[in-house]
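Observations on the model geometry
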Amino acid sequence: MRYSEMHLPTGREIPSDAEVISNQLMIRAGMIRKLTSGIYSYLPLGYRVIRKVEQIIREEMDKAGAQEVHLPMVQPAELWQESGRWNYYGKELLRFRDRNDRDYCLGPTHEEVITDLVRNDIKTYRQLPRNLYQIQTKFRDEVRPRFGVMRCREFGMKDAYSFDADEAGAETSYEKMFAAYNSIFRRCGLKYRPVEADSGSIGGSFSHEFMVMAESGEDAIVFCEKCSYAANLEKAEIARPEKNVHLEKDWLPMESIETPAVRTIEEVSAFLNVLPRQIVKTLIFNADGKPCAVLIRGDQEINEIKVKNYLGAAELTLADDDMIVKATGAPRGFAGAVGINVKVIADYSIMNLVNMVTGANKEDYHLKNVNIGRDFQVAFFADLRVSEPGDACPRCTGAIKFVRGIEVGHVFKLGTKYSKAMKASYLDRDGKEKIMIMGCYGIGIGRTVAACIEQNFDQNGIIWPMPLAPYAVIVTPVNINEPDVMKASEDIYAELLACGVEVILDDRDERAGVKFKDADLIGIPLRIVVGLKNLAQGYVELKIRRTGKSSLYATGDVVREVRKIITSELNEAD
Ligand code: ATP
Ligand code: MG
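Right, let's walk through the structure included here. Along each chain, numbering runs from 1 in the same order as the chain's sequence is written. The order in which chains are written sets their letters, starting at A; the order in which ligands are written sets their numbers, starting at 1. Only residues with pLDDT of at least 70 are given local features in this predicted model, and only at 80 or more are side-chain atom pairs given and counted; all residues enter the totals for whole chains, interfaces and linings. To get the side-chain values, take all heavy atoms of the structure and skip hydrogens and water.

1. Thoughts on the packing of aromatic side chains
The condition that has to hold: Pairing of aromatic rings covers Phe, Tyr and Trp, the last through its six-membered ring, and needs centres within 6.5 Å; plane angles under 30 degrees mean stacked, over 60 mean edge-to-face, and all others mean tilted. For the purposes of this entry, the term helix denotes a DSSP run of H or I that reaches at least four residues, the term strand denotes a run of E that reaches at least two, and both are numbered from the N terminus. Buried, partly exposed and exposed residues are distinguished by accessible area as a fraction of the type maximum, computed with a 1.4 Å probe on protein chains only: under 20%, between the cut-offs, and over 50%, respectively. Should the NZ of a Lys or the CZ of an Arg lie within 6 Å of a ring centre and within 35 degrees of the ring normal, that charge is described as sitting over the ring.
As enumerated under the stated definition, the model contains 10 aromatic pairs in all. Relative to F210, the ring of F178 has its centre 5.5 Å away and its plane inclined at 55°; by these criteria the two rings are tilted. Remark: F210 occurs in strand β10 (residues 207-213) and F178 occurs in helix α6 (residues 167-187); sequence separation between them is 32 residues. Since its relative accessible area comes to 0%, F210 is described here as buried. Plain terms: the ring middles of Y310 and F380 are 6.3 Å apart, the flat faces sit at 70° to each other, and that makes the pair edge-to-face. Taken together, the residues span a long stretch of sequence, with Y310 in helix α8 (residues 304-311) and F380 in strand β20 (residues 380-382) at a distance of 70 residues. For Y310, a relative accessible area of 36% gives the class partly exposed. Three or more aromatic residues link up through ring pairs in this structure, and these residues are F178, Y181, F185, Y192 and F210. We note R508 situated over the ring of Y3; from NZ or CZ to the ring centre the distance is 3.6 Å.

2. Things to note about the site of ligand 1
In plain terms, the rule: Each residue is tested against the molecule or strand, and it is near if at least one of its non-hydrogen atoms lies within 4 Å. Polar contact criterion, stated in full: a pair of N or O atoms within 3.5 Å, where within protein one must be able to donate a hydrogen and the other to accept it, and residues adjacent in sequence count only if both atoms are side-chain atoms. Methods summary: accessible areas were calculated by the Shrake-Rupley approach with a probe of 1.4 Å, and residue burial reflects only the protein chains presented. Any residue outside Ala, Val, Leu, Ile, Met, Phe, Trp, Tyr, Cys, Pro, Asp, Glu, Lys and Arg is labelled polar, Gly included; the first ten of those are nonpolar and the last four are charged.
What surrounds ligand 1 is a group of 14 residues, the closest being R140, E142, R151, C152 and E407. Within the contact set of ligand 1, an oxygen atom lies 3.2 Å away from a side-chain nitrogen or oxygen of H410. Take G444: an N or O atom from its main chain is 3.1 Å from an oxygen atom of ligand 1. In isolation ligand 1 offers 590 Å² of accessible surface; the protein chains occlude 81% of this area. Among the secondary structure elements, those contributing two or more residues to the shell around ligand 1 are β8 (154-164) and β21 (400-415). Broken down by element, the shell around ligand 1 gets its largest block of residues, 4 residues, from β21. In terms of residue class, the shell around ligand 1 is built from 6 nonpolar, 3 polar and 5 charged.

3. Details of the nonpolar core
Condition: The term nonpolar core refers to a set of buried residues drawn from Ala, Val, Leu, Ile, Met, Phe, Trp, Tyr and Cys, joined through side-chain atoms within 4.5 Å. In what follows, residue pairs with any heavy atoms lying within 4.5 Å of each other are defined as contacts.
Core analysis: the biggest nonpolar cluster contains 64 residues, and M31, I184, F185 and W464 have the highest contact counts within it. For this core, the element with the highest residue contribution is helix α2 (residues 44-63), accounting for 7 residues. In contact with W464, other than residues within four places in its own chain, are M31, V49, V449, C452, I453, A469, P470, I522, G523, P525 and R546. The next biggest cluster of nonpolar side chains, apart from the first, holds 27 residues, and it includes V280, A337, A360 and F376.

The values reported here are purely geometric and, on their own, carry no functional implication.
Here is the structure:
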């Protein structure tokens with residue numbers, strides 16, 4: 001394409017509301033424009049990159065046996081009522097009415113629509129398994145849209161759904177998608193890692209998030225420095241410690257101490273002059289309407305997702321004041337396990353503590369020298385806390401480290417959650433009616449593009465990896481008013497086009513400096529500079545965006561060299 005004809009409005013100014021580098025660069029490079037909060041338009045350059053990602057996804061999904069469909073974005077409320085999500089989904093679901101006063105929503109995801117489609121058309125085991133995918137616009141009314149297209153409200157997603165006759169089949173479908181995702185992100189040229197994610201009630205290792213490593217990432221990832229263990233912080237497991245059986249010899253007599261208006265761990269620690277690690281935090285949770293006391297060491301944090309999964313609760317929240325008073329007999333801030341008459345579960349962190357400090361279940365009182373087994377009983381010890389750097393790896397002897405990442409994809413075994421609620425069944429070999437087992441698999445298209453920029457930029461702009469580059473080459477005549485320079489540039493441009501290379505000819509009547517700055521900003525991997533001096537010797541300059549390295553090639557050789565580089569960089573990612 002000729003630059004002079006391109007709609008490529010680049011800019012030097014850093015947009016004031018763009019917090020992350022990818023958002024700044026996508027705006028400056030003329031890739032996107034914000035229409036309103038969390039809603040963006042893609043300009044030609046940005047849309048080319050989107051299509052590159054989509055193409056890689058399509059190829060790998062098709063290779064894995066998935067088939068492309070296109071489902072409606074407008075979805076009737078009835079389907080969401082059937083699955084039970086109409087009331088559950090909350091404000092992220094944009095709802096509206098049509099002229100006949102019927103309720104609809106804009107699809108934030110498509111489990112309901114696909115399950116409806118499949119239940120109507122699939123009748124027997126002979127039609128299973130099936131994996132259907134689409135690349136389509138989603139709408140989620142995010143509370144805080146931010147980071148440009150990384151967390152926006154309207155965005156493109158590839159979503160696939162698998163339907164299987166049995167568990168073993170569902171697991172095979174999952175493995176296939178897991179492998180396809182690895183191929184997709186590798187081919188996109190990303191530094192990424194699949195991490196174990198929370199799989200809610202399904203359990204097991206059937207939920208992975210694909211994380212692109214980046215400082216600006218919203219997710220904390222836990223990984224082992226020694227083995228391949230990696231997990232989302234929400235899910236990161238903590239190994240069960242060895243039980244110390246010789247604790248009793250150190251037990252001191254329990255004492256009750258007046259602690260007026262002393263409630264928080266910090267206040268108790270300061271008032272009693274004990275370290276937070278000697279204090280036991282007693283949290284009262286409301287698990288599906290029932291109170292439950294959860295104990296953890298004062299210096300550590302409860303992971304509510306673990307508590308929820310451990311209790312098998314559909315809903316878990318911290319108890320309100322009313323429930324706390326009923327459960328403990330005291331106002332908030334004085335709960336403890338001694339004498340409490342609700343179920344007590346405890347994190348491993350307090351398993352080996354002696355002479356702890358806890359609330360006394362009495363306003364303005366705490367207890368000192370509390371010991372498990374003598375003063376109270378624990379129903380279960382479990383892994384309920386948030387992992388910390390330096391924790392032992394749950395799989396080997398290594399230590400846990402933290403990095404930040406951007407979730408670009410998610411593979412998830414759904415089980416029968418939707419198929420059961422929406423009665424997606426089939427007739428099995430034995431003539432019995434059975435429920436299909438589902439999996440769902442998403443990739444954020446725009447987020448993948450932004451994540452790629454977060455990993456590939458310098459002070460001058462974007463540095464596209466070849467597979468996602470909107471154009472592989474830019475041919476830059478230093479001065480378009482020199483006929484020889486222009487002639488050589490046009491020839492190289494035509495030759496590249498003829499070979500099917502995606503190329504820009506920067507035919508603008510601008511200073512070379514301006515052209516170089518734009519080429520760097522938009523991140524074209526290869527630049528061919530045609531200048532009078534080199535041309536007089538029969539040479540042009542080939543500059544590599546990533547390394548900044550430039551070399552001279554004979555005008556007749558440069559296209560061959562460019563094609564060699566492109567092929568090798570595309571194959572490297574394959
Ligand atoms: P997050 O935790 O970041 O909100 P999610 O768990 O809600 O993500 P999924 O429902 O699994 O995401 O959606 C699949 C993919 O869609 C995500 O992996 C991500 O790449 C993309 N995605 C989700 N929400 C957004 C958004 N608001 N803007 C852009 N992409 C998104
Ligand atoms: Mg979300």
